[in-house]
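Coordinate analysis (summary)
Listed below are the residues making up each chain.
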Amino acid sequence: MNGGFPYVSFLRVYEPLDAFDDQQQLLILAQRGRGREATEQLDRSKALRRITRAVSDPFPHDDEDIVRVLHYPSAEGLSTPYYCPNQLAVRSTLAAESLSHSLRNPLLGLLVPDAARVAQQERLDPDSFAESLSKLHTRSATWGIPFGWFVLFREDDRIDVVEDSHRIETVRLAAPISQCIDRARYAAASLAIAAPGLDLLEELTEITEWLETFSLTAVVELDYGEVAQLVFPDESPSDVRAGIECLVEGDMTGAAAAYRRLATRWIKIRQLARAS
């Protein structure tokens, strides 16, 4: 069980070392020897310390940013390291801004006090913030995975099932970014003709534009997080693809069946967000 915390999933872009500037490379080189699970444990422990502070303040302070390392086969078949900076300061600032549009005081003030927001703004360097904002390596989703993310992956992509004591901790899919962009473009073009009114089309267009800001030698990873316990083995990538193909072929029955499979699988998870 996850102790009542939201299920959070991540879509991450990992780039080769030469895609980063000198300062970022130094940060990466200092952390490149740490294993992936040790990195995840470090991230969790830092998050726990933030939420258990005596004074409510969800923002990271002067902690060094965490870098994740993904080893993925190169075109020559060699295992090559790729890197994804956590960029937590930027992402937490964006999350607080999003909360300010969806929550009202006094609840907003309890979760993100004005003093904490002001202090966070003072800590941020405007230039580095703008640079990170233009190239944000990580996207997150709570209580379910956006269907558009599944378009980027296929059943034969690399899959890593992380287990501990016969319990699935997470499932991670990975694919070259060039393939992900091609898949997203093809799906978007298909929907633009067959179903231009679907929200999925807008989502895919936005995802494609985001992916295009990175090096074409990068690798994209979908990290299910603990929600994998509830859905794995998961056929969502094939169901999304089948639904789009049915729409293109005018097979409304097949498209509806694919959507029902997706909805049945994920509605129970989204319902947890509203459970008391």
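Our structure is the block above this text.
Keep in mind that what you see is a predicted model, and the values were worked out from it rather than measured.

Quick notes on the pairing of strand β3 (residues 79-85)
In the case of a regular strand, side chains alternate between the two sheet surfaces. Bridging between strand β2 (residues 67-73) and β3 involves seven bridges; their strand directions are antiparallel. From the neighbouring strand, His-71 faces β3, where its bridge partner is Pro-81. The turn joining β2 and β3, which pair antiparallel and follow one another in sequence, is formed by five residues; a positive phi near 90 degrees is taken by Gly-77.

Examining the pattern of salt bridges
Inspection of the entire model under this criterion finds 19 salt bridges. Linking Glu-221 and Arg-36 is a salt bridge whose minimum nitrogen-to-oxygen distance equals 3.0 Å. Placement of Glu-221 in strand β7 (residues 219-223) and of Arg-36 in helix α2 (residues 36-51) is noted, with a sequence separation of 185 residues between them. Each member of the pair, Glu-221 as well as Arg-36, carries the same accessibility label: buried. Two residues, Asp-239 and Arg-261, come together in a salt bridge whose shortest N-O distance is 2.8 Å. You can see Asp-239 sitting in helix α11 (residues 236-249) and its partner Arg-261 sitting in helix α12 (residues 252-272), a full 22 residues away along the chain. Assessed through its relative accessible area of 4%, Asp-239 is described here as buried. For Arg-261, a relative accessible area of 38% puts it in the partly exposed group. If you follow the salt bridges from partner to partner, you end up with Arg-12, Arg-36, Glu-37, Glu-40, Asp-43, Arg-68, Asp-160, Arg-172, Glu-221 and Asp-223 in one network.

Focus: the sheet that holds strand β4 (residues 138-142)
Spatially, five strands are ordered β4-β1-β7-β6-β5 in an open sheet, and the strand pairing comes out antiparallel. Both edges of this open sheet fall to β4 and β5 (158-164), since each of them pairs with a single strand only. On average, each strand axis in the sheet is tilted by 15 degrees relative to the strand beside it, whichever way the strands run. Sheet analysis places strand β6 (residues 167-176) next to β7, joined by five bridges and oriented antiparallel. Looking at β7, one finds that Ala-174 is bridged to Glu-221. Against the sheet, helix α8 (residues 177-194) makes contact with β1 (8-14), β6 and β7, and its axis sits at roughly 85 degrees relative to β6, the strand it touches most.

About the cut-offs
- Residues numbered from 1 in each chain as written.
- Predicted model: local features only at pLDDT ≥ 70, side-chain atom pairs only at ≥ 80, totals over all residues.
- Heavy atoms only, no water.
- Pairing = 2+ DSSP bridges.
- Helix = DSSP H or I, 4+ residues; strand = E, 2+ residues; numbered from the N terminus.
- Salt bridge = Lys/Arg side-chain N within 4 Å of Asp/Glu carboxyl O.
- Buried < 20%, exposed > 50% of the residue type's maximum accessible area, 1.4 Å probe, protein only.
- Axes fitted to C-alpha atoms, helices over the stretch in contact; angles between N-to-C directions.
- Contact = heavy atoms within 4.5 Å.

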